[in-house]
Amino acid sequence: MNFIWRETNGEDKKIFNDWHKKAKLKNNDYDNISVFLTDKTLLGNFIDNITTSFPERLKALTATLNNVPVGVVVAYIRNEPNLDNVITFEAIAVNPEFQKMGIGTAMVFDIVKNSDAILKDIPEYFFACIDKDNASSEAIFTKNGFKTDKIEHFDYYSYYLDKSDADLLKDKPEPSLDLAIKETLKLAKLQKNNIKTRK
């Protein structure tokens, strides 16, 4: 796996709110998939609200590199009798300091390739709804083999990846995160030095 994953905790949510504030985000600017965020609905608060509402179905997971949170994925897991088992990517966000380094693509790759270890589930297919004008999110998913019919559903396109296509990722090498690893290592050292200085 590219990342060390953990269940998103309260401290992570505060960090996500800071990402949102730093980026001076407006509605839809940070909504990589199906999240509607406004200045009043910060990312961490949004994640707290939706995961509290559906704790048995929605999982928020923080991706870390060198113990630095670099991204978050919120996944909806549908695993019920008589229905297809599906994992839906509800939200994805990358720390603004580390964007354009391949982290979003690598997070989706990790979840698809290792869903049994990360989400404790192996779905029949993966699904995402992406704003039709969100080219960066489209790239994250198409690079991981997701397909779309490009039929518009309320300004969104549906993207899907079935199990047979997901299995093809198992033979692919993990996306390179060399730059992100280097930058997070710098930040981790800086944070460690700041803690020592305060003592």
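All figures in this text were calculated on a predicted structure; none of them were measured in a lab.

**Observations concerning the nonpolar core**
In step 1: Counting residues in hydrophobic clusters, the biggest one holds 39 residues, and the most contacted among them are Phe3 and Phe89.
In step 2: If you list the elements that add at least two residues to this core, you get strand E2 (58-65), strand E3 (68-78), strand E4 (86-94), helix H3 (103-113), strand E5 (125-131), helix H5 (135-142), strand E7 (156-162) and helix H7 (178-198).
In step 3: At seven residues, the largest contribution of residues to this core is made by H3.
In step 4: The next biggest cluster of nonpolar side chains, apart from the first, holds 12 residues, and it includes Phe46, Ile47, Ala91 and Ala93.

**Examining the layout of surface pockets**
In step 1: By volume, the second largest pocket amounts to about 230 Å³.
In step 2: Around the second largest pocket sit 13 residues that line it, and Ile15, Val68, Pro69, Leu187 and Gln191 are the ones nearest its centre.
In step 3: Those elements that provide at least two residues to the lining of the second largest pocket are helix H1 (10-22), E3 and H7.
In step 4: Residues of the lining of the second largest pocket, tallied by class, amount to five nonpolar, three polar and five charged.

**Some remarks on the sheet that holds E5**
In step 1: Read from one edge to the other, the open sheet built from seven strands follows the order E1-E2-E3-E4-E5-E7-E6, with strand pairing classed as mixed. Edge strands, defined here as strands with exactly one partner in the open sheet, are strand E1 (4-7) and strand E6 (147-153). Sheet twist, expressed as the average angle between the axes of neighbouring strands with direction ignored, equals 30°.
In step 2: Against the sheet, H5 makes contact with E4, E5, E6 and E7, and its axis sits at roughly 165° relative to E5, the strand it touches most.

**A short note on the packing of H1 against helix H2 (residues 43-53)**
In step 1: Relative to each other, H1 and H2 sit at 135°, their axes nearing to 6 Å. One element, H1, and the other, H2, form an angle in the oblique class. In contact with Lys13, Phe16, Asn17, Trp19 and His20 of H1, H2 contributes Leu43, Gly44, Asn45, Ile47 and Asp48.
In step 2: Taken together, the residues of the contact of H1 with H2 break down into four nonpolar, four polar and two charged.

**Some points on the pairing of E4**
In step 1: Most of E4 sits out of view: eight of its nine residues are buried.
In step 2: Relative to E4, E3 is paired through eight bridges, and the arrangement is antiparallel. Across the sheet, Ala75 pairs through a bridge with Phe89, a residue of E4.
In step 3: As paired strands, E4 and E5 are joined by four bridges and run parallel to one another. From the neighbouring strand, Thr88 faces E5, where its bridge partner is Phe127.

**Notes on the packing of aromatic side chains**
In step 1: Scanning the entire structure with this criterion turns up six aromatic pairs.
In step 2: With 6.3 Å between their ring centres and 35° between their planes, Phe89 and Phe126 make a pair best called tilted. With Phe89 in strand E4 and Phe126 in strand E5, the pair connects residues that are 37 residues apart, well separated along the chain.
In step 3: Through successive ring pairs, a cluster of aromatic residues spans Phe89, Phe126, Phe141 and Phe146.

**With respect to the side chain of Asn134**
In step 1: Looking at where Asn134 falls in the secondary structure, it is placed in the loop between E5 and H5.
In step 2: The exposure class of Asn134 is buried, given its relative accessible area of 12%.
In step 3: Within the structure, Asn134 has its side chain in polar contact with the side chain of Ser136 (distance 3.0 Å).

**What about unusual backbone geometry?**
In step 1: At Asn66, a position not held by glycine, the phi torsion is positive, near 50°.
In step 2: Mapped onto the elements, Asn66 comes out in the loop between E2 and E3.
In step 3: Given a relative accessible area of 33%, Asn66 falls into the partly exposed group.
In step 4: Within the chain, Lys120 stands out as a residue other than glycine whose phi angle is a positive 55°.
In step 5: One can find Lys120 in the loop between helix H4 (115-118) and E5.

What counts and what doesn't
- Residues numbered from 1 in each chain as written.
- Predicted model: local features only at pLDDT ≥ 70, side-chain atom pairs only at ≥ 80, totals over all residues.
- Heavy atoms only, no water.
- Core = buried A, V, L, I, M, F, W, Y, C linked by side-chain atoms within 4.5 Å.
- Buried < 20%, exposed > 50% of the residue type's maximum accessible area, 1.4 Å probe, protein only.
- Helix = DSSP H or I, 4+ residues; strand = E, 2+ residues; numbered from the N terminus.
- 1 Å grid on protein atoms, 1.4 Å probe; cavity = no way out; pocket = protein on both sides within 12 Å on 5 of 7 lines; lining within 4 Å.
- Points joined across faces, edges and corners; volume = space filled by probe spheres on them.
- Nonpolar A, V, L, I, M, F, W, Y, C, P; charged D, E, K, R; others polar.
- Pairing = 2+ DSSP bridges.
- Axes fitted to C-alpha atoms, helices over the stretch in contact; angles between N-to-C directions.
- Contact = heavy atoms within 4.5 Å.
- Parallel < 35°, antiparallel > 145°, perpendicular 65-115°, else oblique.
- Phe/Tyr/Trp six-rings, centres within 6.5 Å; stacked < 30°, edge-to-face > 60°.
- Polar contact = N/O pair within 3.5 Å; in protein donor to acceptor, adjacent residues only side chain to side chain.

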